[in-house]
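Here's the letter readout for the chains.
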Amino acid sequence: MDLILCNGIIVTPTEMYRADLGIENGKIVAIGADLSGVLCSERLDVAGKLILPGAIDAHTHLSFPFGGTVSADDFFAGTRAAACGGTTTVFDYSSQAPGERLVETVRRREAQAKAEGAAVDFALHVGITDLSNGLLDSMQEAVDYGVSSFKIYMVYDFGVKDGDFYRVLQKSKETGSLICVHAENKEILTELTNRFAAEGKLSPWYHYASRPEFVAGEADRRAIDWAKSLNAPLYIVHLSDLEGVRAVTQARDEGFEIYAETCPQYLHFTCDVFKREDGRNFVCSPPMKDQPSREALWGAVRRGDIDTIATDHCPFQQAEKDWGKDDFRKIPNGCSGVEIMYPYMLSKANLGEITFPRAVELCAANPARIFVCAEKGSLAVGKDADIVVYDPNREFIVHQENMHSDCDHTIWEGLRLHGYPVRTYSRGRLVYDNGAFVGERGWGKMLKRLPRKR
Ligand code: URP
Ligand code: ZN
Ligand code: ZN
C-alpha cells in the first residue's frame, strides 16, 4: 500500500470507531482494526485524531462574472482554499451564456477550470438563463456529458420566468436531473429596493430590508408547490429563513423529494451584521435573516430537514465591496466560505451542538448521494481517498492571513474554532499539511456524474 493511517477514529454518518485505513493508487483499499502487518511505503500514526471523508462543497462560484466584476477566486485559488479547509470536491455554478447550448456551457467551463488549474476535484452545475430557440432540449446533452444538475434563479437580471422554471422542472424528470433553485420573490424585492432608493435609504441594512424573510419564504413555498405538482425532485439552495424551513419540512413530511441546503453564514450570523460598519462585506443574496430564522435553520440541521451544508463561496475584493458603501445596490453579492465550512461544522460537533457523524453526513455523504458522486463522500473500500485528518484539540482563529483564498478579506475574521484539519488528501495525494497548501495546480479532475435514477 502507499499509505496507512493508523490508530485514528474513523467517522461515518452512522458511527465512530478506532481503525487503520490503507490507501493505494488514490483509493481506499483497506479499513481494519490492525493493518500493522501490511507492507506499505508510509505509515502515519494519527492517534487522538479523527479520520473523516473530505467535504463536498456543493455550491461555489469560481471566476463568476457578477455584479459588474468577477468573483475573486478562480478554479485554482478557490480549490486551494477548499483543500486547506478539508474540502476535497467543489461544485461550481456555471452560468449559461445567452443562446448557449447547456453542454457548451459545460465544455467552456471545463476548459476554463483546466486552464486555471483546480487543486482538488470539481463538478459543475449549470445555471440556466436562456430557454429560447429550443435550448430546453439541450439539458439532455449536458446530462449525457456528465452534468445532471441545473440551477434556476428566480432573481437577478439573468433569472428565468416562472413558466420557464416550470418547464425545466418537468424536463428534469425526463432527463434524470436535479433542479436547484435560488428562491426569492424578484418583483417584491425590486419594488422594495426602488422604494428605499427613492427615500434615500441606501445603507447595507437596506439590502436586508429589501429582501426580508417573506421575500424568500414566499418564493420557497411557490417553488416547492410547483415541484410537488409535478412530483419532481427539487433542491433549495442557500435556505435562509424560517418560513422556508417550514415549507421544506411540510413537503418532506408529505413524502415529496425536496432537498434543502443551508450555509454557515445563515447558521452563524443574523441580519444585525448589516448594521455593522463593515456591513457591506456581508452582503449576499439571500441576506442573513433574524434570530428566529437562524434558530429554525439549526433546528432543521439537527432533526434532518436540512440535507447539506454548502458555502455559496462567491467572494469579492474589498475595493469592489466598497463600490456600494453608500448604495447597497452597487455591492457585488457574495461572501467567502469554502475554507471554513468543514472546520465550522466540525467545531460545532466538537462543542456537542451536533454529532461528528451528522457533520459528516451534511458536509460529505449527503451531497455525494444527492448529486450522484459515487466515488466521493465516505470512507469505504473502493472510494476515492479524499480524506481529512482532524485534530479535535487544535484551537484555530480565522484571520485573513491564515486563509488561502485570493480574496483580501473574510467575513469570518476572528472566528474561534475548536479543532481543525491538520492534513487533507485528495485521491491519496497530500494537498494540505498543518496550515500549508502542499498540493498542485491542475491536480483536480472534473467529475462526470450519472443521471439520477428515474
Ligand atoms: O450573493 C450571492 N449568493 N452571490 C452568488 C450568486 C447566488 O445567488 O448564489
Ligand atoms: Zn443563489
Ligand atoms: Zn450561489
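Given the structure is predicted, the values throughout are model-derived calculations rather than measurements.

Draft legend 1. Broad picture of the coordination of the zinc ion (ligand 3). On the protein side, the zinc ion (ligand 3) has His59 (NE2), His61 (NE2) and Asp312 (OD) as donor atoms, found 2.0 to 2.1 Å from it. Around the zinc ion (ligand 3), the 4 donor atoms sit at angles spanning 88 to 141 degrees, and that spread fits a shape best called irregular. Along the chain, the residues donating to the zinc ion (ligand 3) are arranged with the sequence spacing H-x1-H-x250-D. In this structure, the zinc ion (ligand 3) is positioned 3.6 Å from the zinc ion (ligand 2).

Draft legend 2. Structural detail: the site of ligand 1. Lining the immediate surroundings of ligand 1 are 14 residues, of which Tyr156, His182, Ser285, Asp312 and Asn333 lie closest. Between Ser285 and ligand 1, the recorded distance is 2.8 Å, taken from a backbone N or O atom to an oxygen atom. Residue Asp312 places a side-chain N or O atom 2.6 Å away from a nitrogen atom belonging to ligand 1. Considered on its own, ligand 1 offers 270 Å² of accessible surface; in the complex 100% of this is hidden by protein.

Draft legend 3. Highlighting the coordination of the zinc ion (ligand 2). In this structure, Lys151 (NZ), His182 (ND1) and His238 (NE2) serve as the protein donors to the zinc ion (ligand 2), at separations of 2.2 to 2.6 Å. For the zinc ion (ligand 2), the single-chain donor residues occur in sequence as K-x30-H-x55-H.

Draft legend 4. Region of the structure containing the packing of aromatic side chains. Taken as a whole and assessed by the stated rule, the structure comprises 19 aromatic pairs. Ring centres of Phe91 and Phe371 lie 5.3 Å apart, and the angle between their planes is 45 degrees; on these two criteria the pair is classed as tilted. Separated by 280 residues along the polypeptide, Phe91 in strand E9 (residues 87–95) and Phe371 in the loop between helix H13 (356–370) and strand E16 (387–397) bring together distant segments of the chain. Since its relative accessible area comes to 2%, Phe371 is described here as buried. When the ring of Phe165 is compared with that of Trp226, the centres are 5.5 Å apart and the planes differ by 75 degrees; the resulting orientation is edge-to-face. Linking Phe165 in helix H4 (residues 162–175) with Trp226 in helix H7 (residues 213–230), this pair joins segments that are 61 residues apart in sequence. One aromatic cluster is present, built from ring pairs that chain together Phe64, Phe66, Tyr153, Tyr156, Phe158 and Phe316. Geometry around Trp443 places Arg429 over its ring, the cationic atom sitting 5.8 Å from the centre. A cation sits over an aromatic face here: Lys448 above Tyr145, 4.0 Å from the ring centre.

Draft legend 5. Focus on the environment of Val106. Assignment of secondary structure puts Val106 in helix H2 (residues 102–116). The exposure class assigned to Val106 is buried, which follows from its relative accessible area of 0%. The spatial distance from the C-alpha of Val106 to the C-alpha of Pro212 is 34 Å, given a sequence separation of 106 residues. Setting aside chain neighbours within four positions, we find Val106 in contact with Leu124, Val126, Ala142, Tyr145, Val147 and Met446.

What counts, and where the lines are drawn
Note on numbering: residues in each chain are counted from 1, in written sequence order. To label them, take the chains in the order written and letter them from A, then take the ligands in the order written and number them from 1. Under the rules for a predicted model, residues below a pLDDT of 70 receive no local features and side-chain atom pairs below 80 are neither given nor counted, while totals for whole chains, interfaces and linings still include all residues. Heavy atoms throughout the structure, all of them, feed into the side-chain values; hydrogens and water do not. Any N, O or S atom lying within 2.8 Å of the metal counts as a donor, with the limit raised to 3.2 Å for Na, K and Ca; because water is left out of the atom set, some sites can appear incomplete. Just to be clear on the cut-offs, tetrahedral is four donors with all angles between 85 and 135 degrees, square planar is four donors and octahedral six with opposite donors over 155 degrees apart and all others between 65 and 115, and anything else goes down as irregular. Being near a molecule or strand, for a residue, means having at least one of its heavy atoms within 4 Å of it. Pairs of N or O atoms within 3.5 Å make up the polar contacts considered here, provided that, within protein, one atom can donate a hydrogen while the other can accept it, and that residues adjacent in sequence are counted only when both atoms are side-chain atoms. Using the Shrake-Rupley algorithm and a 1.4 Å probe, accessible areas are obtained, with residue cover drawn only from the displayed protein chains. Centre distance within 6.5 Å is the pairing criterion for rings of Phe, Tyr and Trp, where only the six-membered ring of Trp is used; planes under 30 degrees apart are then read as stacked, over 60 as edge-to-face, and the remainder as tilted. In DSSP terms, a helix is any run of H or I states spanning at least four residues, a strand is any run of E spanning at least two, and both are numbered starting from the N terminus. Three labels apply to residues, based on accessible area from a 1.4 Å probe with only protein chains included: buried if under 20% of the type maximum, exposed if over 50%, partly exposed otherwise in between. Sitting over a ring, as applied to charges here, requires NZ of Lys or CZ of Arg to be within 6 Å of the ring centre and within 35 degrees of the ring normal. It only takes one pair of heavy atoms within 4.5 Å for two residues to be counted as in contact.

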